[in-house]
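# Architecture and fold: a report
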Amino acid sequence: MSDTDRTRRRHDDGSAAPGPRRELPVPDLSLVVLIGATGSGKSTFAARNFRPTEVLSSDVCRGLVSDDENDQAASGDAFDVLHYIAGKRLAAGRLTVVDATNVQSAARTQLVELAREHDVLPVAVVLDMPEALCAERNAARSDRAGLPRRVIQRHQRELRRSLRHLEREGFRKVHVLRGPEEAEAAQVVTERRFNDLRHLTGPFDIIGDIHGCRAELESLLTALGYAFARDASGRAVDAVHPEGRTAVFVGDLVDRGPDSPGVLRLVMGMVAAGHALCVPGNHENKLGRYLKGRTVRPTHGLAETIEQLDKEDDAFRSEVAAFIQGLVSHYVLDGGDLVVCHAGLPEKYHGRTSGRVRSFALYGDTTGETDEFGLPVRYPWAEEYRGRAAVVYGHTPTPRADWLNNTLCLDTGCVFGGAMTALRWPERELVDVAAERVWYEPVKPLASEAPGGADGRPLDLGDVAGRRVVETRHMGRLAVKEENAAAALEVMSRFAVDPRLLPYLPPTMAPCATSKEDGYLEHPAEAFAAYRADGVREVVCEEKHMGSRAVVLVCRDGNVARERFGVPEGPSGALYTRTGRPFFDDPRTTDALVGRLRDAVEKAGLWAELDTDWLLLDAELMPWSLKATGLLRKQYAAVGAASAGVFPGALGALEAAAGRGVDVTALLARQQGRAADAAAFTAAYRRYCWRVDGTAGPGAQDPSGAVAQGPSGIRLAPFQILAVRGRSLTDVPHTAQLAWLDRLVAADAAPEGGSGLLTATRRLLVDTEDAASVAAGTDWWLGLTADGGEGMVVKPVQARLRGADGRLVQPGVKCRGREYLRIVYGPEYTRPENLSRLRARHLGHKRSLALREYALGLEALDRLADGEPLWRVHEAVFAVLALESEPVDPRL
């Protein structure tokens, strides 16, 4: 209800209230406790000033539990109901009004505790009416006409005893209305909480802990584009951004550094001019207590600040004291999407107001333990955070700022010789400047205490169990259902490779739109048209190899694997499937193949060119039969064998019948067509099978025509270098990627008399807006698939593209060949009646899944390249595997 609405509801007859109007400010999230004797007009006051749903009446609750609003014997149960409903409303962030006499201290104590439990302010509104008026009003009510006068008198006595102590009981605001005239003239006006700045949408530049490093602060503001205003002495007293951006300081402006007064002068000037916001840090809180004359220990850099402030005049010190006194624990900004505080804040405290909230915002929480340096161990609240709002904070020094579950710590230890960091919001871009020097030696080395930093911790079941929400840089927050997480946990715990060697899982791939071309279910025309509609002009068509998706981690040696990935002596890489399972049961086979790749990388000069000692490859491992033997035998070969056993006899019988003059022409033609389809099906799956032990026999020849020799019968077709040390390469154009990989293939040395391990990926560039180029791409695909090739993958040349709507564009779509799809949909899928039915397939879920898994894969690679700890990388990797258990048509 607006203030205007409330004003309109003050008088049923529309008359103006007598005397001057009195406004009663009430925070928009608070527990309002009406206090007054029976008959004092509390219900009338509540109806005039609050929404009906905001008011909880003890009388109504008595009626709910006993069918009699005046049954005093039901009061206990009634107040249980009232407190329960009030708690639910406060938990949901709803203003709540308690309409009861509340003249007894014990009744009010319960309500104050309820407000504290939900971290809202309790507000008292007292209606102190004459005894005679209360008696007259009760007498006019049929249900209270017989109320003894002594009840009103007792209420009045208890009210008088309470008035002087309400603030001491915990009420943050107390409004006393004496007499009916004041009550009639009063109007409740809701006011924003001090921390509620949701109407401010930025853009913002959020700046981490400063600790007296004025020079670095000025350098950072300059890098952010701010222009300074200086006083006659040349000191910075304000800074303004030409584009109207607002700086937001996360606190800890003072202590330890060389010029705390200079930092305060600049920040206070910016705040006063409306160019900045600031929340307090624990160091400001301690300095504020010192300036008030309280006894504090001058430790942790406070002594230096006191010495620096002693050189300033009394007026400046008074301004500093007033500035610190006025700082609000945290701010909720940008429509609720952003929370800024000093030490972090769980979602349940956002926008709340209490000593507990302020304490957490200033100091965070600890586990109760101390580390080897005697410092408290921080409670990792951010690891558990799943809130909608991004929480940006400081307080705990970390070598670099890393997002964790939609939270970001900006304290990068400038005063300890690290850097001063800012976050541009909503761009989510980080800007930092290096410290000029180490201004203050830390008690412990500048290392990661903050969640998500470089030191990390071991993997834990809690990182992946239950419903998860993973913050990604390219698609925001992505949810993983609990049941999907459970399915992934089963795979990961029982079948996957060592998780330390599992830094990435590839996404599923979306098929192109269903074709309307006669005889085709998938056709390049739809792939080109879809990318053209997304504004993508240049695409690359890559041959789709006849194998299984594989990820290969190649380390330069065992020391690299041990130091970067934490594995013990032994493996120097890994080769695993798209669900994280090892391709080979014998580790020696994996080691041999990884060793071949390592030699090729060395000969191609990629270690030096990419400045790395490890790399991660996305590839296809062939033959398909290597990992699909069971599927081939039980499903595909069984169909082929059955058709080979049935159709010759059936066709022979029909032909014999035709020879005897029986009219079986239509049936014979139909069965001949079915036999041809079955033969095509058998030929299709056989192309994906060859032997890798070098033994001659049917199917022993690979698609290139080379005869397989021993383990070299295994072929690997790499099509992307995903990441190297310190860098994700997923933003490198595919043309450049394929050029690297051509060199890698060329450098692969084949054993004498055999074929090499690596095979190249054929490709063709297509301009989606050039009809001739599109036609050439279609012809190329037809040529690939005419001999049974699987098809092609169409990708934008430029990686990580976004459409006009700002959303990620599909990184690739597969366009599978007509004959290959027999394996997927069955031998007779090309018959018109079957194609007509199959064209109704639904692709939306598959496409959504592909994009979500792609974003999670990008996030895993970014975290890996940034050197984040394994549990952070694995959070995104595990989510990809979990999404794979979402129900979707497996043929798509």
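So, how was this worked out
- Within each chain, residues carry numbers counting from 1 in the order of the written sequence.
- With pLDDT at 70 or above as the cut-off, local features in this predicted model cover only qualifying residues; side-chain atom pairs require 80 or more to be listed or tallied, and sums for whole chains, interfaces and linings still use all residues.
- Side-chain calculation: all heavy atoms of the structure are included, whereas hydrogens and water are not.
- A pair of strands counts as paired when DSSP detects no fewer than two bridges linking them.
- Secondary structure elements are defined from DSSP: runs of H or I of at least 4 residues count as helices, runs of E of at least 2 residues count as strands, and each element is numbered from the N terminus.
- Every axis corresponds to a line fitted to the C-alpha atoms, with the helix fit spanning only the stretch in contact, and the corresponding angles, defined between N-to-C directions, vary from 0 to 180 degrees.
- Contacts are assigned to residue pairs that have any heavy atoms within 4.5 Å of one another.
- A pair is scored as a salt bridge if a Lys or Arg side-chain nitrogen falls within 4 Å of a carboxyl oxygen belonging to Asp or Glu.
- Per-residue accessibility, obtained with a 1.4 Å probe over protein chains only, is compared with the maximum for each type, and a residue is labelled buried under 20%, exposed over 50%, and partly exposed between these values.
- For classification purposes, an angle smaller than 35 degrees is called roughly parallel, one larger than 145 roughly antiparallel, one from 65 to 115 roughly perpendicular, and anything else oblique.
- Take the far helix as the reference: if the near one is turned anticlockwise from it by less than a right angle, the crossing is left-handed, and if turned clockwise, right-handed.
- Throughout this entry, Asp, Glu, Lys and Arg are counted as charged residues, while Ala, Val, Leu, Ile, Met, Phe, Trp, Tyr, Cys and Pro are counted as nonpolar. The remaining residues, Gly among them, count as polar.
- Stacked, tilted and edge-to-face pairs are distinguished by plane angle, under 30 degrees for stacked and over 60 for edge-to-face with tilted covering the rest, among Phe, Tyr and Trp rings (Trp via its six-membered ring) whose centres lie within 6.5 Å.
- Only when the NZ atom of a Lys or the CZ atom of an Arg is both within 6 Å of the ring centre and within 35 degrees of the ring normal do we say a charge sits over the ring.
- Each patch is built from residues lacking any salt bridge and having more than 30% relative accessible area; the joining distance is 9 Å for like charges and 5 Å for nonpolar side chains (Val, Leu, Ile, Met, Phe, Trp, Tyr).
- Residue burial considers only the protein chains on display, and all accessible areas are found by Shrake-Rupley using a 1.4 Å probe.
- Residues scored as charged are limited to Lys and Arg (positive) and Asp and Glu (negative), so that His and the chain ends carry no count.
- In plain terms, the charge of a residue is placed at NZ if it is Lys, CZ if Arg, CG if Asp and CD if Glu.

### A look at the sheet that holds strand β5 (residues 121-128)
- Reading across from one edge, β3-β4-β2-β5-β6 is the order of the 5 strands in this open sheet, with parallel pairing throughout. Strands at the two margins of the open sheet, each flanked by one partner only, are β3 (55-57) and β6 (173-178). The mean angle between the axes of side-by-side strands here comes to 20°, regardless of whether they run parallel or antiparallel.
- Pairing of β3 with strand β4 (residues 96-99), which is carried by 3 bridges, proceeds in the parallel orientation. Counted as the bridge partner of S57 is D99 from β4.
- Seen against the sheet, helix α5 (residues 105-117) touches β2 (30-35), β4 and β5 and runs at an angle of roughly 170° to β2.

### A short note on the pattern of salt bridges
- Evaluated as defined, the whole model comprises 54 salt bridges.
- The shortest N-O distance in the salt bridge between R400 and D402 comes to 3.2 Å.
- According to the relative accessible area criterion, R400 is partly exposed, its value standing at 26%.
- Bridged by salt links that share partners, the residues D28, R192, R193, D196 and R198 form one connected network.

### Looking at the side chain of Q720
- Tracing the backbone through its elements, the reader meets Q720 in strand β30 (residues 715-724).
- Of the residues examined, Q720 reaches a relative accessible area of 10% and is grouped as buried.
- Ignoring any residue separated from it by four or fewer positions in sequence, one finds Q720 in contact with L616, L617, D618, L729, T730, H734, Q737 and L741.

### Examining the packing of helix α6 (residues 131-139) against helix α7 (residues 149-163)
- At a minimum axis separation of 10 Å, α6 and α7 run at an interaxial angle of 135°. Comparing the axis directions of α6 and α7 gives the class oblique. For the element pair α6 and α7, the recorded crossing hand is right-handed. Taking contact as the criterion, the partners of E131, A132, C134, A135 and N138 in α6 are, on α7, R149, I152, Q153 and Q156.
- Broken down by class, the residue content of the contact of α6 with α7 amounts to 4 nonpolar, 3 polar and 2 charged.

### Focus on the sheet that holds strand β9 (residues 204-207)
- The 5 strands lie next to each other as β13-β12-β9-β21-β22, forming an open sheet whose pairing is mixed. One side of each edge strand has no neighbouring strand; the edge strands of this open sheet are β13 (276-278) and β22 (429-434). Going across the sheet, the axis of each strand differs from the next one's by a mean of 20°, ignoring polarity.
- Sheet topology places strand β21 (residues 419-425) next to β22; 6 bridges connect them, and they run antiparallel. Within β22, the residue paired with A419 across the bridge is A434.
- Each of β9, β12 (246-249), β21 and β22 touches helix α10 (residues 214-223); the most contacted strand, β22, lies at about 140° to it.

### Describing the packing of aromatic side chains
- Applying the stated criterion across every chain yields a total of 7 aromatic pairs.
- Note on Y349 and F360: the rings are 5.8 Å apart at their centroids and 65° apart in plane angle, and the pair reads as edge-to-face. With Y349 in the loop between β15 (338-340) and α15 (355-363) and F360 in helix α15, this pair connects stretches of sequence that are 11 residues apart.
- Classification of Y349 by relative accessible area gives buried; the value is 7%.
- A relative accessible area of 10% places F360 in the buried class.
- An aromatic cluster is built from W381, Y385 and Y393, whose rings are joined through pairwise contacts.
- The side chain of R564 reaches across the aromatic face of F565, ending 5.4 Å from its centre.

### Here we look at a nonpolar patch on the surface
- On the surface, V60, L64 and V65 cluster together into a nonpolar patch covering about 250 Å² of accessible area.
- We classify L64 as exposed; its relative accessible area is 58%.

### Some remarks on the environment of L654
- For L654, the position within the fold is in helix α22 (residues 629-659).
- Distance from L654 to T665, taken between C-alpha atoms, is 8.7 Å for residues 11 residues apart in sequence.
- Setting aside residues up to four positions removed in sequence, L654 forms contacts with V664, L667, L668 and Q671.

### What about a positive patch on the surface?
- Together, R150, R154, R157 and R161 make up a positively charged patch on the protein surface.
- With respect to the secondary-structure elements, R150 resides in helix α7.

### Focus: the side chain of E543
- Turning to its location among the elements, E543 is positioned in strand β26 (residues 538-544).
- Beyond its immediate chain neighbours, meaning those up to four positions away, E543 contacts A760, T761, R762, W780, L784, G791 and M792.

### Focus on the pairing of β9
- Here β9 shows no split at all, with F204 and I206 on one side and D205 and I207 on the other all buried.
- With 4 bridges connecting them, β9 and β12 associate as parallel partners. Among the inter-strand pairings, I207 is bridged to a residue of β12, identified as F249.
- Where β9 and β21 come together, 4 bridges link them in antiparallel fashion. For F204, the partnering residue across the bridge sits in β21 and is W425.

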